[in-house]
Amino acid sequence: VYGLFSLAFMALNLSKVVSVFGFDYSLLRNASSLIATGNIRKAKDVYVKSLTFTFLAPAIVSLDLLFAAEIVAEHLFNSPELQPYLEVTALCLIPYSVVSLNSELVKASGNPVVYMLLNEGMYFGIAIVSVQLICGLAETCNVMVGFLVAVLVLMLYSFYWIHTRLRIFTVDSETGESFND
């Protein structure tokens, strides 16, 4: 079972790299300079464009993986029991990609603690799932559903942090002024 989880997680990471196309690192480079110069309006524009792409591209890859899970499991990995893991992995792709993008924006804002929480939080969840699988505490793909829930919680927290700390969602794109001021 641990081998199936490892293969599914490898497929998740590979799918994230393919679907994000480096937008997360591009956001880090561009947003950090814009935030440092106080140009929040342009930082918001860069973030919204990156976020839009980070929803659309992983959605397409996720649908491809979801509908091709049986083919990939049987013909690529020669392991039909991998199919349900790949299907849940396909559902994890969008929030996983968004957390990656948001963590880079948090890093650009200069908050290493929250960046580590978002970035390493996913790997901590993976470690817990791995221990459960190795110890035989979970033998089905329910652990992948648990991972999906954990990634969704991290995604919601990342949006909350960006909204409350960076106030990037409360900036008028036209004037660059905060709605809260």
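As the structure is a prediction and not an experimental result, all values here were calculated from the model.

Thresholds applied
- Residues numbered from 1 in each chain as written.
- Predicted model: local features only at pLDDT ≥ 70, side-chain atom pairs only at ≥ 80, totals over all residues.
- Heavy atoms only, no water.
- Salt bridge = Lys/Arg side-chain N within 4 Å of Asp/Glu carboxyl O.
- Buried < 20%, exposed > 50% of the residue type's maximum accessible area, 1.4 Å probe, protein only.
- Patch = residues over 30% accessible without salt bridge, like charges linked within 9 Å, V, L, I, M, F, W, Y side chains within 5 Å.
- Areas by Shrake-Rupley, 256 points an atom, 1.4 Å probe, with all protein chains shown as cover.
- Helix = DSSP H or I, 4+ residues; strand = E, 2+ residues; numbered from the N terminus.
- Axes fitted to C-alpha atoms, helices over the stretch in contact; angles between N-to-C directions.
- Parallel < 35°, antiparallel > 145°, perpendicular 65-115°, else oblique.
- Contact = heavy atoms within 4.5 Å.
- Nonpolar A, V, L, I, M, F, W, Y, C, P; charged D, E, K, R; others polar.

Enquirer: Could you give an account of the pattern of salt bridges, with specific residues and numbers?
Expert: Going through the model one piece at a time under the given rule, you end up with one salt bridge. Between Lys16 and Asp24 there is a salt bridge, with its nearest N and O atoms 3.9 Å apart. Given a relative accessible area of 2%, Asp24 falls into the buried group.

Enquirer: I'd like a rundown of a nonpolar patch on the surface, residues and numbers included.
Expert: Among the surface-exposed residues, Met10, Leu14 and Val18 lie close enough to one another that they form a single nonpolar patch of about 260 Å² accessible area. Tracing the backbone shows Met10 in helix α1 (residues 2–20). Residue Met10 is classed as partly exposed on the basis of its relative accessible area, which comes to 37%.

Enquirer: Could you give an account of unusual backbone geometry, naming the residues involved and the relevant values?
Expert: Here the phi dihedral of Phe21 falls at roughly 55°; this positive angle occurs in a residue that is not glycine. In this structure, Phe21 sits in the loop between α1 and α2 (23–36). By relative accessible area, which is 57% here, Phe21 ends up exposed. A positive phi angle, near 55°, is found at Asn78, a position not held by glycine.

Enquirer: Could you give me a rundown of the packing of α2 against helix α3 (residues 40–67), with the residues and numbers involved?
Expert: Where α2 meets α3, the closest approach of the two axes is 8 Å, and the angle between their N-to-C directions is 170°. In terms of orientation, α2 and α3 fall into the roughly antiparallel class. Across the interface between the two elements, Phe23, Leu27, Asn30, Leu34 and Ile35 from α2 touch Ile40, Lys42, Ala43, Val46, Tyr47, Ser50, Phe53 and Thr54 from α3. When the residues that make up the contact of α2 with α3 are grouped by side-chain class, the tally is nine nonpolar, three polar and one charged.

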